[in-house]
Amino acid sequence: MSVRRLAKDQPASFAFSKATKAKVDWWIAKYPADRRQSAVIPILWLVQKQEGWVSEPALRAIAELLGMPFIRVLEVATFYTMFMLEPVGKTALIQVCGTTPCMLRGSGDLMKVCKDKIGPKDKLSADGRFTWQEVECLGACVNAPMAQINDYYYEDLTSETLAQIIDDFAAGKAPKAGTYVERTNSAPAGGPLTLADPKLYDGSAAKPIKKLPNAEPTPA
């Protein structure tokens, strides 16, 4: 595993926005006063949602807020790969899954599209709007190949559909998330071949229960 380091260029300071601070206080209040450090992960996430990444001044502000040594907050931020330790694209962070199911279904082609349109992986694009990464399994193997873009999953991709998605983001549009083939969630492409009658799972064929079993106490 490669060592994750903080970016060389750091901002001079960090401040919680009013909205972020309100959410931070809500998370801290969920824990006893002597366990407030338990809120470190959600607070790191809130900071990343505010700034787009987690800077060293932000880490120090979190450490001070929670009464933690700076190194402890740094350990958490560097352990979880969901925390970005350097600036990423302001328009889209594209994380292409490269694990076996996606690889077998063409994730290499998706990465080539990203390289051609954005540049080298793990690097901010020249215009500062895009970053792409290769990541490990994101848990949508049935709908491979896929990518997480910002907060959402884009599934059953081809090089053509991903190229269009990137173009749409660049044009200020909001491409739909989810599958890009004819399927519902993770059901078979083209529609289910078994359990095709909705009555089997929507509850409409169920008979009403007049009396719940064991609803009354058993006589002694």
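Above: the structure in question.
Everything quoted here is computed from the prediction, not taken from an experiment. Within every chain, residues take consecutive numbers counted from 1 along the sequence as written. Selection of residues for local features in this predicted model requires a pLDDT of at least 70, selection of side-chain atom pairs for listing and counting requires 80 or more, and totals for whole chains, interfaces and linings are taken over all residues. Water and hydrogen atoms were dropped before computing side-chain values, which therefore reflect all heavy atoms in the structure.

1. Quick notes on helix α3 (residues 56-66)
- Relative accessibility decides the category of a residue: with a 1.4 Å probe and only protein chains considered, values under 20% of the type maximum give buried, values over 50% give exposed, and everything between is partly exposed. In DSSP terms, a helix is any run of H or I states spanning at least four residues, a strand is any run of E spanning at least two, and both are numbered starting from the N terminus. Within α3, the full set of buried residues consists of P57, A58, L59, A61, I62, A63 and L66.
- Contact partners of the buried residues in α3: α1 (18-28), α2 (40-51) and α4 (70-79). By the convention used here, residues are in contact when the closest approach between their heavy atoms is within 4.5 Å.

2. Some details on the packing of aromatic side chains
- To pair, rings of Phe, Tyr and Trp, with the six-membered ring standing in for Trp, must have centres within 6.5 Å; the planes then decide the type, stacked if under 30 degrees apart, edge-to-face if over 60, and tilted in the middle. The final tally for this structure, using the stated rule, is six aromatic pairs.
- On the basis of an interplanar angle of 85° and a centroid distance of 6.5 Å, the ring pair of Y80 and F83 is categorised as edge-to-face.
- Overall, the relative accessible area of 35% leaves Y80 in the partly exposed class.
- Linked through ring pairs, F79, Y80 and F83 together constitute an aromatic cluster.
- When the ring centre of W27 is taken as origin, the NZ or CZ atom of K30, which lies over that ring, is 5.5 Å away. Criterion for a charge above a ring: Arg CZ or Lys NZ at most 6 Å from the ring centre, at most 35 degrees from the ring normal.

3. Thoughts on the pairing of strand β2 (residues 130-135)
- Counted residue by residue, β2 has five buried out of six residues, so it is predominantly covered.
- In this scheme, strands are said to pair when DSSP sees at least two bridges between them. Sheet analysis places strand β1 (residues 92-97) next to β2, joined by six bridges and oriented parallel. Looking at the pairing, C97 lines up with V135 of β2.

4. Focus on the sheet that holds strand β3 (residues 147-149)
- Pairing in this open sheet of five strands is mixed, and the strands run β2-β1-β3-β4-β5 from one edge to the other. Taken across any chain shown, the strands that pair with only one partner, and hence form the sheet edges, are β2 and β5 (178-179).

5. Let's talk about the nonpolar core
- V40, I43, L44, L59, I62, L66 and V73 are the most contacted members of the largest nonpolar core, which has 24 residues in total.
- Those residues within four positions of I43 in sequence are excluded, and the remaining contacts are F16, V24, I28, I62, L65 and L66.
- What we call a nonpolar core is a set of buried Ala, Val, Leu, Ile, Met, Phe, Trp, Tyr and Cys residues that are connected through their side-chain atoms within 4.5 Å. The next biggest cluster of nonpolar side chains, apart from the first, holds 19 residues, and it includes A147, Y154, L157 and I165.

6. Description of the pairing of strand β4 (residues 152-155)
- Direction of pairing for β3 relative to β4: antiparallel, over a ladder of three bridges. By the bridge assignment, A147 is partnered in β4 with Y154.
- Adjacent in sequence and paired antiparallel, β3 and β4 are bridged by two residues, among which N150 carries a positive phi angle near 55°.
- Of the strand pairs in this sheet, β4 and β5 are connected by two bridges, and their pairing is parallel. The residue bridging Y154 from the neighbouring strand is G178, located in β5.

7. Quick look at the packing of α2 against α3
- For the pair α2 and α3, interaxial distance at closest approach is 11 Å and the crossing angle is 145°. The handedness of the crossing between α2 and α3 is right-handed. Of the residues in α3, those touching α2 at V40, I43, L44 and V47 are A58, L59, I62, L65 and L66.
- In this count, Pro and Cys sit with the nonpolar residues alongside Ala, Val, Leu, Ile, Met, Phe, Trp and Tyr, while Asp, Glu, Lys and Arg are called charged and the others, Gly among them, polar. A per-class count over the contact of α2 with α3 returns nine nonpolar, no polar and no charged. Geometry is summarised by axes, namely lines fitted to C-alpha atoms with helices restricted to the contacting stretch, and by angles between N-to-C directions that run from 0 to 180 degrees. Handedness of a helix crossing follows the sense of rotation of the near helix relative to the far helix, less than a right angle counterclockwise being left-handed and clockwise being right-handed.

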